[in-house]
Amino acid sequence: MSGGDAAPTDPVVVALDVGGTGMKCALVRPDGVAVRTERHPTDAARGPAAVAATILDVAEGLADKARADGLTPIAVGIAVPGVVDEARGVAVWSANVGFRDVPLRDLAVRRLGLPTALGHDVRVGGLAEARLGAGRGTGHVLFVAIGTGIAAAHVVDGHAAVGAHGAAGEIGHILVRPDGPRCGCGRPGCLEAVASAAAVGRRYAELAGEAADAPVSAAEVAERAATGEPLASQVWQETVEALADGLASGQALFDVATIVLGGGLAQAGDLLLTPLRAALHERMTFHREPQLVAAALGDEAGCLGAALLAMDAVRGHDHQEKR
Ligand SMILES: [Zn+2]
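Residues numbered from 1 in each chain as written. Predicted model: local features only at pLDDT ≥ 70, side-chain atom pairs only at ≥ 80, totals over all residues. Heavy atoms only, no water.

**With respect to the overall build of the chain**
As a reminder, the rule being used: Runs of E in the DSSP output that reach at least two residues are strands. Runs of H or I that reach at least four are helices, and both are numbered from the N terminus. Each residue is assigned to one of three classes by its accessible area relative to the maximum for its type, calculated with a 1.4 Å probe on protein chains only: buried under 20%, partly exposed between the two thresholds, exposed over 50%. Contacts are assigned to residue pairs with any non-hydrogen atoms lying within 4.5 Å of each other. Surface accessibility follows the Shrake-Rupley procedure with a 1.4 Å probe radius. Residue values consider only the protein chains on display as shielding. Positive charges come from Lys and Arg, negative ones from Asp and Glu, while His and the chain ends are left out of the count. We put the charge of a Lys on NZ, of an Arg on CZ, of an Asp on CG and of a Glu on CD.
Secondary structure assignment for the chain yields 10 helices and 13 strands. Dimensions along the principal axes, computed over C-alpha positions, put the chain at roughly 70 × 45 × 35 Å. Looking at the 323 residues of the chain, the share that counts as buried comes to 46%. Restricting to contacts in the chain with at least 6 residues of sequence separation, those with at least 24 account for 62%. When the accessible surface of the chain is summed, it comes to about 14900 Å², and 53% of that surface belongs to carbon and sulfur atoms. The averaged location of the 38 negative side-chain charges in the chain is 4 Å from the averaged location of its 27 positive side-chain charges.

Structure below.
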């Protein structure tokens, strides 16, 4: 670096967390505090090219607003769902946004002229929970997001494993019930086919049959189970057992200090955590039992994680080379 450049006084990064329906966006300071937040619709039905164009527009707009407020945008972090090649900065594949090999990082660099990092939504969410949220202070964290699907991020010393093909952390596709329902991936009995929020609602409706007057959400199943309704109690128990099987496999692989549960199902709080801790405890043989805690950052985690990834990219290379 040349010594002549003035150091930016108030640096921020531009962070975007792109989901199937909406984008959560922010300007984030290096200490992890968001100084401006915005939400924009993704409108995925318009197709991947239009979504990519909106991402660039929103990012550029935020960078302009930062400068107008006397801040210095120093980098861009973008999180997207699906399979993400972080090393090449390519959104390889995404079912709900429609991306197929979109070189988002290079597109953003060209448009904004800022260093840009592209990350996976759950992996950066895990990064944020591990460094700023519920996993803070523990070096080995498994973040598991349980929503429409189930995915995880294994974070060691503040870095999430990406995998050789950008697909690390697909804990939702661990086989837990060989005779179970077919998963969206095509195979029967995957964890997310049994225990995702969507699967819990489906299972309850299936068992209730004629008695079901309206779709019941996973959160409602949890509440009904807590009041002792037999059907809900059965479904919730099945869910907890399947999750415990999946998490026990995760612990066997990763030996983490803390498992952080996020996503919609984790909002059931102690209705989930208390029986799940017990079920996980039963499954520990020689493995050390991890702490099991609820996520602390809510739906901000992805955006904050995208910001962390961007800051890592700027602080960059010497830090990575030490590893
Ligand atoms: Zn599957």
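Having put the structure on the table, let's press on.
**Let's talk about the pattern of salt bridges**
The cut-off we apply is this: Think of a salt bridge as a Lys or Arg side-chain nitrogen and an Asp or Glu carboxyl oxygen that are within 4 Å of each other.
Scanning the entire structure with this criterion turns up 20 salt bridges. A salt bridge links Lys-65 to Glu-38, with the shortest nitrogen-to-oxygen separation between them at 2.6 Å. Here Lys-65 is found in helix 1 (residues 48-68), whereas its partner Glu-38 is found in strand 3 (residues 34-41), with 27 residues between them in sequence. Put simply, Arg-111 and Glu-60 hold a salt bridge, and the shortest N to O gap is 3.0 Å. Of this pair, Arg-111 sits in helix 2 (residues 104-112) while Glu-60 sits in helix 1, placing them 51 residues apart in sequence. Salt bridges sharing partners connect three or more residues here, namely Arg-177, Glu-241, Asp-245, Glu-282 and Arg-283.

**What to know about the nonpolar core**
Using the following cut-off: Grouping buried Ala, Val, Leu, Ile, Met, Phe, Trp, Tyr and Cys residues that are joined through side-chain atoms within 4.5 Å yields what is termed a nonpolar core.
One finds Val-144, Trp-236, Leu-243, Ile-259, Leu-261 and Leu-276 to be the most contacted residues of the largest nonpolar core, which totals 40 residues. With nine residues, helix 7 (residues 230-254) is the single largest residue contributor to this core. Once residues within four sequence positions are removed from consideration, Leu-243 is found in contact with Ile-146, Ile-150, Leu-191, Ala-195, Leu-265, Leu-272 and Leu-276.

**What about the packing of helix 6 (residues 218-226) against helix 7?**
For clarity, the cut-off: To get an axis, fit a line to the C-alpha atoms, keeping to the stretch in contact for a helix; angles then go from 0 to 180 degrees between the N-to-C directions. Oblique is the label for any angle not covered by the other classes, which are roughly parallel (under 35 degrees), roughly antiparallel (over 145) and roughly perpendicular (65 to 115). Crossing handedness is read from the near helix: turned anticlockwise from the far helix by less than a right angle, it gives a left-handed crossing, and turned clockwise, a right-handed one. In this count, Pro and Cys sit with the nonpolar residues alongside Ala, Val, Leu, Ile, Met, Phe, Trp and Tyr, while Asp, Glu, Lys and Arg are called charged and the others, Gly among them, polar.
Helix 7 packs onto helix 6 with a crossing angle of 115 degrees between their chain directions and a minimal axis gap of 8 Å. Classified by the interaxial angle, the pair formed by helix 6 and helix 7 is roughly perpendicular. When the axes of helix 6 and helix 7 are compared, the crossing they make is left-handed. Counting all contacts with helix 6, which are made through Ala-218, Val-221, Ala-222, Arg-224 and Ala-225, the residues of helix 7 involved are Ala-232, Ser-233, Val-235 and Trp-236. Its residues assigned to classes, the contact of helix 6 with helix 7 shows seven nonpolar, one polar and one charged.

**Considerations on the sheet that holds strand 12 (residues 258-262)**
To keep it simple, the criterion reads: Whether two strands pair depends on DSSP finding at least two bridges between them.
Pairing within the open sheet is mixed, and its five strands lie in the order 11-10-9-12-13. Only two strands of the sheet have a single partner each, and these edge strands are strand 11 (159-160) and strand 13 (291-294). Across seven bridges, the pairing between strand 9 (residues 140-146) and strand 10 (residues 150-156) is antiparallel. Counterpart to Ile-146 in the pairing with strand 10 is Ile-150. Each of strand 9, strand 10, strand 11 and strand 12 touches helix 3 (residues 121-131); the most contacted strand, strand 10, lies at about 50 degrees to it. The sheet strands contacting helix 8 (residues 270-283) are strand 12 and strand 13, and the helix crosses strand 13 at an angle near 165 degrees.

**Quick notes on helix 8**
What counts is decided by this rule: The length a helix should cover is 1.5 Å for every residue beyond the first.
In this model helix 8 runs 19 Å from its N-terminal to its C-terminal C-alpha over 14 residues, within 8% of the 20 Å that 1.5 Å per residue would give. Within the sequence span of helix 8, burial applies to Leu-272, Leu-273, Leu-276, Ala-279 and Leu-280. If you follow the buried residues of helix 8, they end up packed against helix 7, strand 12 and strand 13.

**Considering helix 6**
How we decide: Of all possible arcs, the one meant is that of the directions from the helix axis to the C-beta atoms.
Burial in helix 6 covers these residues: Ala-218, Val-221, Ala-222 and Ala-225. Considered in projection along helix 6, the buried side chains sweep an arc of 100 degrees and stay on one side of the axis. At the C-terminal side of helix 6, Gly-228 shows a positive phi close to 95 degrees.

**Remarks on the side chain of Ser-94**
Test applied: Distance and chemistry together define a polar contact, namely a pair of N or O atoms within 3.5 Å, with one atom able to donate a hydrogen and the other to accept it when in protein, and with adjacent residues in sequence counting only for side-chain atoms on both sides.
With respect to the helices and strands, Ser-94 occurs in the loop between strand 6 (90-93) and strand 7 (100-102). Residue Ser-94 is classed as buried on the basis of its relative accessible area, which comes to 1%. One polar contact links Ser-94 to Asn-96, side chain to side chain, over a distance of 3.3 Å. Among all residues touching Ser-94, those that are not within four sequence positions of it are Pro-81, Gly-82, Phe-99 and Arg-100.

**Here's the deal with the pairing of strand 3**
With seven bridges connecting them, strand 2 (residues 22-28) and strand 3 associate as antiparallel partners. Pairing of Met-23 across the sheet is with His-40, part of strand 3. As consecutive antiparallel partners, strand 2 and strand 3 are separated by five residues, and within that stretch Gly-32 has a phi angle of approximately 90 degrees, a positive value.

**Some remarks on the sheet that holds strand 1 (residues 11-18)**
Read across the open sheet, the five strands follow the order 3-2-1-4-8; overall the sheet is mixed. Edge positions in the sheet fall to strand 3 and strand 8 (116-120), since each of these pairs with one other strand and no more. The average angle at which neighbouring strand axes cross in this sheet is 15 degrees, direction not considered. In this sheet, strand 4 (residues 72-80) lies alongside strand 1 in parallel orientation, the contact comprising seven bridges. Directly across from Asp-17, in strand 4, lies its bridge partner Ala-79. Most of the contacts of helix 2 go to strand 8, to which it runs at about 150 degrees, and overall it touches strand 4 and strand 8.

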